[in-house]
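Observations on chain architecture
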Amino acid sequence: MEFKVACFLSSSASTQMGSPTNFDCIIFDLDDTLYPSSTGIAEAVKRNIEDFLVEKLGFSRAIASTLRVELFRTHGSTLAGLRALGYDVHPDDYHGFVHGQLPYDLIKADYNLRNLLVGISQRKIIFTNSDRKHAKETLRRLELEDCWDEIICFETMNPNMQQFPITLKPSLEAMKIALQIAQVDPRQTLFLDDNVRNIAAAKSVGLWTVLVGKSLKSNESDYKLEAVNQLPQMIPKLWTHKINHNTSEIQAIDTSNRLSHLGSTLVLSTCKRSWRFSSNKFWIQNSSIYGKLCHTLYKTQVNVIRGALNAAEDDVLLDLWHKRLTHISEKGL
């Protein structure tokens, strides 16, 4: 069984939200940001890089680990460091070796994150130092491949594979390229990354920043999250939908099943159940229905008058729904 509930907003509720919550675009790093470092992919990448240094370039095993860390620290990646030192390493050969042998089966589909991303109406962009093939495979494993408006990756920043030096985060040039391609205003853009140096570079070009996966907030990060799934709790206004022709489309329901109103938007957060959305209505599946709880009464149609969430227009309809819901407990909803 499915029930349909419509929600309308009046034009008098329209207000302008200011920064940093009025974001037009959210830019996400990929590895160790969309999935945790504990997955094991990061450690596998490190091993493969060291194997590349030993097998392809002849470094000793003892030196390979130290060299990998030093090149990453000074150049942003081992590949960029090797090219800076004069080694003729083609990016395709390097990426094929390092990413081609990764245990991608360790990356599992993240449906909670998918629901979170689907609920964001703003543009969403991936910005990664990795090659496009790795980015697409990782997103496919997470089942997030269709959630993005743009993927900015190694090939985007380095269209000429033979160019020197290689451009990658955290260089300011990489940040400028990303902003130019994305065509965004950094003052209205949120940037999420697990690397402190990338966060510092993003802050230097005016982006709002979120450090992911670290226990301590850096001086350059505006927000800190242990996991990207905590984003709704940290910045709930990302899950809002601006008024369009006096109506608003409901995107999601928060984990406590609360519906609230701020200015011209309904503030909504992560989904716990299965929802479908279309036009200006939402469908609630699994024989459940969500309205606004007022004492023991669930209101299934609401008006907004002067910025406040008020009451149902139609007392008859309201009474009908109240009767239908009397046999369902609050816990059941």
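Residues numbered from 1 in each chain as written. Predicted model: local features only at pLDDT ≥ 70, side-chain atom pairs only at ≥ 80, totals over all residues. Heavy atoms only, no water.

This next bit is on unusual backbone geometry. What you tend to see is this: most non-glycine residues have negative phi, and most peptide bonds are trans. A cis amide bond links Lys169 with the next residue in sequence, Pro170, at an omega value of 15°. Within the secondary structure layout, Pro170 lies in the loop between α7 (154–157) and α8 (172–182). Backbone geometry places Glu143, a non-glycine residue, at a positive phi of 60°. Secondary-structure assignment places Glu143 in the loop between α6 (132–142) and β4 (150–152). (Helix = DSSP H or I, 4+ residues; strand = E, 2+ residues; numbered from the N terminus.)

It is worth spelling out the environment of Ile235 at this point. Relative to the helices and strands, Ile235 resides in the loop between α10 (231–234) and β8 (260–262). For Ile235, a relative accessible area of 2% corresponds to the buried category. Along the sequence, Ile235 and Tyr223 sit 12 residues apart, while their C-alpha atoms lie 8.9 Å from each other. Setting aside anything within four residues of it in sequence, one finds Ile235 in contact with Phe23, Leu190, Val210 and Tyr223. (Buried < 20%, exposed > 50% of the residue type's maximum accessible area, 1.4 Å probe, protein only. Contact = heavy atoms within 4.5 Å.)

So, about the packing of aromatic side chains. Counting across every chain of the model gives 5 aromatic pairs. Seen in terms of ring centroids, Phe59 and Tyr87 are 5.9 Å apart; in terms of plane orientation they differ by 55°. Their pairing is tilted. With Phe59 in the loop between α1 (41–55) and α2 (61–75) and Tyr87 in the loop between α3 (78–84) and α4 (91–100), this residue pair connects regions lying 28 residues apart in the sequence. Aromatic ring contacts, followed pair by pair, group Phe52, Tyr94 and Phe97 into a single cluster. The ring of Phe127 carries Lys169 above its face, with NZ or CZ at 4.8 Å from the centroid. (Phe/Tyr/Trp six-rings, centres within 6.5 Å; stacked < 30°, edge-to-face > 60°. Lys NZ or Arg CZ within 6 Å of the ring centre and 35° of its normal.)

The geometry of α1 relative to α4 is characterised by a closest axis approach of 8 Å and an angle of 130° between their N-to-C directions. Compared by their axis directions, α1 and α4 come out oblique. Crossing angle aside, the handedness with which α1 passes α4 is right-handed. For the pair α1 and α4, the contacting residues are Val45, Asn48, Ile49, Asp51, Phe52 and Glu55 in the first and Asp93, Tyr94, Phe97, Val98 and His99 in the second. Split by residue class, the contact of α1 with α4 holds 6 nonpolar, 2 polar and 3 charged. (Axes fitted to C-alpha atoms, helices over the stretch in contact; angles between N-to-C directions. Parallel < 35°, antiparallel > 145°, perpendicular 65-115°, else oblique. Left-handed = near helix turned anticlockwise from the far one by under 90°. Nonpolar A, V, L, I, M, F, W, Y, C, P; charged D, E, K, R; others polar.)

The next point concerns the pairing of strand β2 (residues 25–28). Burial along β2 is two-sided: the residues Cys25 and Ile27 and Ile26 and Phe28 are all buried. Pairing between β2 and strand β3 (residues 123–127): 4 bridges, direction parallel. Bridged to Ile27 within β3 is Ile125. Pairing of β2 with strand β5 (residues 189–193) involves 4 bridges; the strand directions are parallel. When the bridges of β5 are listed, Ile26 appears paired with Leu190. (Pairing = 2+ DSSP bridges.)

To continue, consider the sheet that holds β5. Here we have 6 strands laid out as an open sheet, ordered β4-β3-β2-β5-β6-β7, and parallel in their pairing. Strands with a single pairing partner mark the edges of an open sheet, and in this sheet they are β4 and β7 (223–225). Pairwise comparison of adjacent strand axes, ignoring direction, gives a mean angle of 20° for this sheet. Against the sheet, α8 touches β3, β4 and β5, its axis set at about 150° to β3. Each of β5 and β6 (208–212) is contacted by helix α9 (residues 196–204), which is oriented at about 175° to β6, the strand it contacts most.

Turning to α4, its buried residues number three or more, namely Pro91, Tyr94, His95, Phe97, Val98 and His99. Where α4 is buried, its residues contact α1, α3, α6 and α7.

Looking now at the packing of α1 against α2. Running from amino to carboxyl end, α1 crosses α2 at an angle of 125°, the nearest separation of the two axes being 9 Å. Comparing the axis directions of α1 and α2 gives the class oblique. You can see that α1 and α2 cross each other, and the crossing is right-handed. In this structure, α1 uses Lys46, Ile49, Glu50, Asp51, Leu53 and Val54 to contact α2, whose residues at the interface are Arg61, Ala64, Ser65, Leu67 and Arg68. Taken together, the residues of the contact of α1 with α2 break down into 5 nonpolar, 1 polar and 5 charged.

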